[in-house]
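For reference, the chains in residue letters:
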Amino acid sequence: MRFLAGLMTVIASLLLAEPLRAENSLRVTQGEFLAGGDARLPAPDAPGWAAVTLGDRWKGARAHITHGWYRFHLDLAQPPPELWALYLPRLNMNAAVYLNGHFLGDGGRFTEPLARNNYRPLYFEAPPALWHTGRNEILLRLASYPRYGALAPFQVGADAQLKPAYERRLLWHIHLPFGLFMLSAGISAFMAALWALRRQDSRYLWFALSTAGLSLFTLHLFLRDIPVPAKLWWWAVYTSLDVWIVCLALFVHRSLQIERPRLERAFFVYAAGSALINAFISIGQQALVAQYLILCRAPIMLYLILLCAWDFQRTRRQEALMYGLACAVILGVGLRDIALRASFQTTWQPGFLGWEQDMYLSHTLGPGVFIVLAGFLARRFARALNESETLNQELEQRVSQARGELQTTYEQMRILELRQMEHDTREHIYRDLHDDVGAKLLSLIYRAPDAGSADLARSALHDLRDTVARPAGAPVALGAA
């Protein structure tokens, strides 16, 4: 619970963060746009330039555009005495920037697949020598995919003022997701290893698969150069979301020992249908379909929250409360990110920062929640392992004690067997003496030639009968006997 409380503190700090803007910098919002074009700088008098206000999203009649040029003019009383820079907090997908005809830099590859900077801020230094007194022209070439093109307002100013804002945004949007990706990927492998050691407990398998889907989704946030065609990459990203949600649902079912096979089959049908739909549509259509598929993912999360609440009310199990709160956090930040996307598609800008400066929380808090759940599962596994070791030790002690008791019993039985053998041997000897020697002495009594011989035989027979009839006593030497 302490982990979850800390996570909620991080959420609040992110939502209430100050805007990532530098003071005394120029915020550029007004410019011109020219659709199409190639890598060559467009002519100043080229037909088609139209006024535009940032943030600008390529939608409506411009939804099909994949390349375009922006032109901005800055009037300066004199060139800056220090190093200046251009800070682009958000764009989609890649940009190259020119100042007064001089190339400042770009965000990577402009050939297919494009370098992906849809979450990565861009920063370009502009030396004082490139600035002019009076009008300065900034040209920005933007490349994207249909329905994805976008450019937020950007800032121009002293490098010393802009660099901290850029580095802070780079930390939260790129470096932090990279670290969370490494953690979640390691957790996925670790949980898969636990499942391999304990195949009968499938909750570890479903948690590993869910975390793997979340890891791929997080990788989408910071990976700039993708190794596969863009359409395949977007398909994998959207499919990973469904894998994440569906496997999370099965993990909760297994953890709470709930069996609902028909509902689980419905989850699989939804995930397979979503994957097939995204496989046969274009990248631009994927962006539209993804908005409707969110309407399917949100009810699944809401179902898990209600299920965990019902189970906790019924059993008071801590894990039900933990899973319910985790699903609530994921659903909350997911809805918040949906609202953030809507704020850029309309004039409404919820929250404190808006699309220009705000950040999506699903990519960061989602892995954070799963790290907390993984710690809870690892602690549970360690506790089960400790209990198992304790039971094994108790079992070994009981087996050792039983072995000692069995050995004592065996020794007692062996002594009894020896005594029985002694008794049986003694009885056999006495019987032989009585039946054989006794009969012969009796014959001597009746056949004795005189009374003295008969008395002697009769005395021997009396001694023999006395010996045979005597009860067994303490062991004595054979001679004494």
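Residues numbered from 1 in each chain as written. Predicted model: local features only at pLDDT ≥ 70, side-chain atom pairs only at ≥ 80, totals over all residues. Heavy atoms only, no water.

Per the secondary structure count, the protein chain includes ten helices and 13 strands. The contacts of the protein chain with a sequence gap of at least 6 include a subset with a gap of at least 24, amounting to 77%. Split by element, the accessible area of the protein chain, about 25400 Å² in all, is 61% carbon and sulfur. (Helix = DSSP H or I, 4+ residues; strand = E, 2+ residues; numbered from the N terminus. Contact = heavy atoms within 4.5 Å. Areas by Shrake-Rupley, 256 points an atom, 1.4 Å probe, with all protein chains shown as cover.)

Turning to the sheet that holds strand β11 (residues 134-143), a few remarks are in order. With antiparallel pairing, six strands are arranged side by side in an open sheet as β3-β2-β5-β11-β8-β9. Either end of the sheet is taken by a strand with one partner, and the two such strands are β3 (50-53) and β9 (102-106). For this sheet, the mean angle separating the axes of adjacent strands, direction not counted, is 30°. In this structure, strand β8 (residues 94-99) lies alongside β11, joined through six bridges in antiparallel fashion. When the bridges of β11 are listed, tyrosine 98 appears paired with leucine 139. (Pairing = 2+ DSSP bridges. Axes fitted to C-alpha atoms, helices over the stretch in contact; angles between N-to-C directions.)

Read from one edge to the other, the open sheet built from three strands follows the order β4-β12-β7, with strand pairing classed as antiparallel. Sheet topology places β4 (56-57) and β7 (91-92) at the edges, where each strand pairs with a single neighbour. In the sheet, β7 pairs with strand β12 (residues 150-151) via two bridges, with the strands oriented antiparallel. Among the inter-strand pairings, leucine 91 is bridged to a residue of β12, identified as leucine 151.

In this structure, alanine 63 sits in the loop between β4 and β5 (67-76). For alanine 63, a relative accessible area of 8% translates into the label buried. With 82 residues separating them along the chain, alanine 63 and tyrosine 145 place their C-alpha atoms 9.0 Å apart. Dropping the residues within four chain positions of it, alanine 63 is found in contact with Trp58, Pro146 and Arg147. (Buried < 20%, exposed > 50% of the residue type's maximum accessible area, 1.4 Å probe, protein only.)

Attention now goes to the pattern of salt bridges. Counting across every chain of the model gives twelve salt bridges. Put simply, arginine 40 and aspartate 38 hold a salt bridge, and the shortest N to O gap is 2.9 Å. On the basis of relative accessible area, aspartate 38 is assigned to the partly exposed category, the value being 33%. Salt bridges sharing common partners tie together Arg198, Asp201, Arg203 and Glu319. (Salt bridge = Lys/Arg side-chain N within 4 Å of Asp/Glu carboxyl O.)

With that out of the way, let us pick up the packing of aromatic side chains. Enumeration according to the criterion identifies 19 aromatic pairs in this entry. The rings of Phe33, Trp58, Tyr70, Phe72 and Phe154 are connected pair by pair, giving a single aromatic cluster. For arginine 62, the ring lying beneath its charged end belongs to phenylalanine 33, and the centroid distance is 4.9 Å. (Phe/Tyr/Trp six-rings, centres within 6.5 Å; stacked < 30°, edge-to-face > 60°. Lys NZ or Arg CZ within 6 Å of the ring centre and 35° of its normal.)

Turning to unusual backbone geometry, a few remarks are in order. The peptide bond linking leucine 54 to glycine 55 adopts the cis configuration, its omega dihedral lying at 5°. With respect to the helices and strands, glycine 55 occurs in the loop between β3 and β4. Here asparagine 92 and methionine 93 are connected by a cis peptide whose omega angle stands at 15°. Positionally, methionine 93 belongs in the loop between β7 and β8.

Attention now moves to the nonpolar core. Soluble globular proteins: nonpolar side chains tend toward being buried together. Counting 80 residues, the largest nonpolar core has Met191, Phe207, Leu248 and Tyr323 as its most contacted members. With 15 residues, helix α4 (residues 230-255) is the largest single contributor of residues to this core. Setting aside chain neighbours within four positions, we find methionine 191 in contact with Tyr204, Phe207, Ala208, Ala374, Leu377 and Ala378. Counting 30 residues, the second largest nonpolar core, distinct from the first, contains Phe33, Tyr70, Leu104 and Leu151. (Core = buried A, V, L, I, M, F, W, Y, C linked by side-chain atoms within 4.5 Å.)

In this section: the confidence of the model for the protein chain. On average, the protein chain scores 82 in pLDDT, and the residues at 70 or more come to 84%. Confidence drops under pLDDT 50 across residues 1-5; counting only partners more than four residues distant or on other chains, this segment forms six contacts. Counting interchain partners and residues more than four positions distant, the pLDDT-below-50 stretch residues 7-22 has 33 contacts. (pLDDT = per-residue confidence, 0-100.)

With 26 residues, α4 extends 37 Å from end C-alpha to end C-alpha; this agrees with the ideal 38 Å at 1.5 Å per step. Among the 26 residues in α4, 21 count as buried, and that is most of the element. The positive-phi residue at the C-terminal boundary of α4 is glutamine 257, with phi of around 55°. (Expected span 1.5 Å × (residues − 1).)

What follows deals with the pairing of β5. Burial analysis of β5 places seven of its ten residues in the buried class, which makes it a mostly covered element. As defined by bridge partners, strand β2 (residues 30-35) adjoins β5 across four bridges and the pair is classed as antiparallel. The residue of β5 that forms the bridge with leucine 34 is tryptophan 69. Inspection of the sheet shows β5 paired to β11 by ten bridges, in the antiparallel sense. Paired with tryptophan 69 across the two strands is arginine 141, which belongs to β11.

So, on to the packing of α4 against helix α5 (residues 261-279). The N-to-C vectors of α4 and α5 enclose an angle of 175°; their axes lie 9 Å apart at closest approach. In terms of their interaxial angle, α4 and α5 are classed as roughly antiparallel. Contacts between α4 and α5 involve Lys231, Trp235, Tyr238, Thr239, Asp242, Val246, Ala249, Leu250, His253 and Arg254 on the former and, on the latter, Leu263, Glu264, Phe267, Phe268, Tyr270, Ala271, Ser274, Ala275, Asn278 and Ala279. Here the contact of α4 with α5 is built from residues that sort into twelve nonpolar, four polar and four charged. (Parallel < 35°, antiparallel > 145°, perpendicular 65-115°, else oblique. Nonpolar A, V, L, I, M, F, W, Y, C, P; charged D, E, K, R; others polar.)

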